[in-house]
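Observations on chain architecture
The residues making up each chain are set out below.
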Amino acid sequence: MEKNKRLANGIEMPRLGLGVWRVEEVDATNSVRWAIENDYHLIDTASVYKNEKGVGEGIRQSGVEREELFVTTKLWNADQGYDSTHQAFNESLKRLGLDYVDLYLIHWPVAGKFSDSWRAMEEIYESGRAKAIGVSNFQQHHIEELMNAAKIKPMVNQIELHPTLTQVDLRTYLASEGIAVEAWSPLGQGKILQNPTLVEIGKSHKKSAAQVIIRWHLQSDIIVIPKSVHEERIKENINVFDFELSVEEMEKINRLNINERLGADPDNFD
Ligand code: NAD
């Protein structure tokens, strides 16, 4: 299993990272430092998480070279629009204490605004201050609309995706467009960890349900960013490169899909 995925523009993105939604600024510093000490290279934050400063501090405390890391942040809905995107990006960089991010995402497809936001994102990309740009929570029709006016195709779409919401149609479309799929709430926010199928598969590999789910994402070519603020779980969640799920096990997990969203519907979120 390759640890990185090559995005459409040639940039290498780690396939497994740490998410920090609902993590306080102070906890973000420790979580990020523990993650990097345990060989995570990808960190996923957003301006709306209000912990970019803590994330930046964790990166500095880790002592790992900036080039070794892949940092994602996101443009919040209230900041969408051409000028405000430029401004919001500069403020995110400042809070992170970085001079570039590896990936900048439009957090949600705000109607009537995301194409203007994208124009600014393209300029940010061309300036080298974001090594890749992409979207989050975009359905196929949102991407088609974006592409009508875009010069640069999004390199990533970060969407809600877990064994109970497998998003097969959207994944097929994204693959056909060369857009990498990244899963948010990959563990179903912890709510599917007692699922008997996942627990049973885990037992046969001496792995936890969380590890089985993360491995399922990786083997499905999905970039995955489980969240935890506990050092032991952060370690557990990256300890997934020493086993493999069989085709039958992958199929069993695929069959857990019930199209159940835990977060907002991208067609009706505000
Ligand atoms: P998740 O699916 O990663 O679940 C996290 C929860 O699972 C933890 O709070 C904990 O309760 C539990 N957990 C984690 N590891 C465990 C382990 N080893 N054993 C037992 N329990 C464990 O949920 P998430 O935080 O919603 O999603 C991950 C990341 O995705 C976020 O932190 C954020 O970075 C990103 N995200 C993005 C969007 C978006 O709109 N783009 C939305 C939600 C989340």
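Anyway, here's the lowdown on the structure attached to this text. Predicted, not measured: the structure shown is a model, and the values here were computed from it. By convention here, each chain's residues receive numbers from 1 onward along its written sequence. The model is predicted, so local features are restricted to residues of pLDDT at least 70 and side-chain atom pairs to those at 80 or more, both for listing and for counting; the totals for chains, interfaces and linings are taken over all residues. To get the side-chain values, all heavy atoms of the structure are used, and hydrogens and water are removed first.

**Considering the pairing of strand β6 (residues 101–106)**
For a regular strand, side-chain orientation follows a simple rule: the groups alternate between the two sheet faces. Working definition: with a 1.4 Å probe on protein chains only, accessible area under 20% of the residue-type maximum means buried, over 50% means exposed, and in between means partly exposed. Secondary structure is summarised from DSSP: a helix means a run of H or I of at least four residues, a strand means a run of E of at least two, and numbering begins at the N terminus for each. Judged by how many residues are buried, β6 sits mostly within the fold: 6 of 6 residues are covered. Strands were regarded as paired on the criterion that DSSP finds at least two bridges between them. Here strand β5 (residues 70–75) pairs with β6 via 4 bridges, running parallel. Considered in β6, the bridge of Lys-74 is made with Leu-105. Following the chain from β5 across helix α3 (residues 82–96) to the adjacent parallel β6, one finds a crossover that is right-handed. As paired strands, β6 and strand β7 (residues 130–136) are joined by 5 bridges and run parallel to one another. Bridging across to β7, Val-101 finds its partner in Ala-130. The handedness rule is simple: strands pointing away from the viewer, and a clockwise path from the first strand over the helix to the second, make the crossover right-handed. Between β6 and its parallel partner β7, the chain crosses via helix α4 (residues 114–126), and the hand of that crossover is right-handed.

**Structural notes on the site of the ligand**
For each residue, the test is whether any non-hydrogen atom lies within 4 Å of the molecule or strand; if one does, the residue is near. Around the ligand, 26 residues are found, and the nearest of them are Asp-44, Ser-136, Ser-185, Leu-187 and Asn-237. A distance of 2.7 Å separates an oxygen atom of the ligand from a polar side-chain atom of Asp-44. Two N or O atoms count as a polar contact when they lie within 3.5 Å, although within protein this holds only if one can serve as hydrogen donor and the other as acceptor, and sequence-adjacent residues are included solely when both atoms are side-chain atoms. The contact in question runs from an oxygen atom of the ligand to an N or O atom on the backbone of Leu-187, over 2.8 Å. No other element matches helix α9 (residues 231–238), which puts 3 residues into the shell around the ligand. Here the residues of the shell around the ligand sort into 11 nonpolar, 10 polar and 5 charged. All residues other than Ala, Val, Leu, Ile, Met, Phe, Trp, Tyr, Cys, Pro, Asp, Glu, Lys and Arg, Gly among them, are scored as polar; the first ten of these are nonpolar and the last four charged.

**A few points about the packing of aromatic side chains**
Stacked, tilted and edge-to-face are the three classes assigned to paired rings of Phe, Tyr and Trp, where Trp is represented by its six-membered ring and a pair needs centres within 6.5 Å; plane angles under 30 degrees give stacked, over 60 edge-to-face, the rest tilted. Counted by the stated rule, this structure contains 4 aromatic pairs. Each residue in the set Trp-108, Trp-184 and Phe-269 is aromatic and connected to the rest through ring pairs, giving one cluster. Across the ring face of Phe-241, the terminal group of Lys-3 is positioned such that the distance to the ring centre comes to 4.6 Å. Criterion for a charge above a ring: Lys NZ or Arg CZ within 6 Å of the ring centre, and within 35 degrees of the ring normal. The side chain of Arg-66 reaches across the aromatic face of Tyr-100, ending 3.9 Å from its centre.

**Section: the sheet that holds strand β8 (residues 156–160)**
Within the open sheet, the 8 strands sit side by side as β3-β4-β5-β6-β7-β8-β9-β10. Their pairing is parallel. Unpaired on one side and paired on the other, β3 (17–19) and β10 (223–224) mark the two borders of the sheet. Note: β7 against β8, 2 bridges, orientation parallel. Paired with Ser-136 across the strands is Gln-158, a residue of β8.

**Remarks on the pattern of salt bridges**
The salt bridge definition used is simple: a Lys or Arg side-chain nitrogen within 4 Å of an Asp or Glu carboxyl oxygen. By the definition in use, this model includes 13 salt bridges. The shortest N-O distance in the salt bridge between Asp-221 and Arg-15 comes to 2.8 Å. Separated by 206 residues along the polypeptide, Asp-221 in the loop between α8 (209–219) and β10 and Arg-15 in the loop between β2 (12–14) and β3 bring together distant segments of the chain. Residue class for Asp-221 comes out partly exposed when judged on its relative accessible area of 35%. Here Arg-60 ties to Glu-57 by a salt bridge, and the two come within 3.7 Å at their closest N and O atoms. Of this pair, Arg-60 and Glu-57 both sit in helix α2 (residues 52–62), separated by 3 residues, roughly a single helical turn. Because the salt bridges share partners, they merge into one network encompassing Lys-5, Arg-15 and Asp-221.

**Brief notes about the environment of Gln-80**
Checked against the element boundaries, Gln-80 lands in the loop between β5 and α3. When the C-alpha positions of Gln-80 and Ser-115 are compared, they lie 9.2 Å apart, and in sequence the two are 35 residues distant. By the convention used here, residues are in contact when the closest approach between their heavy atoms is within 4.5 Å. Apart from the residues lying within four places of it in its own chain, the contact partners of Gln-80 are Leu-75, Thr-85, Ile-106, Trp-108, Val-110, Lys-113, Phe-114 and Ser-117. Reaching out from Gln-80, the side chain makes a polar contact with the backbone oxygen of Trp-108 at a distance of 2.8 Å.

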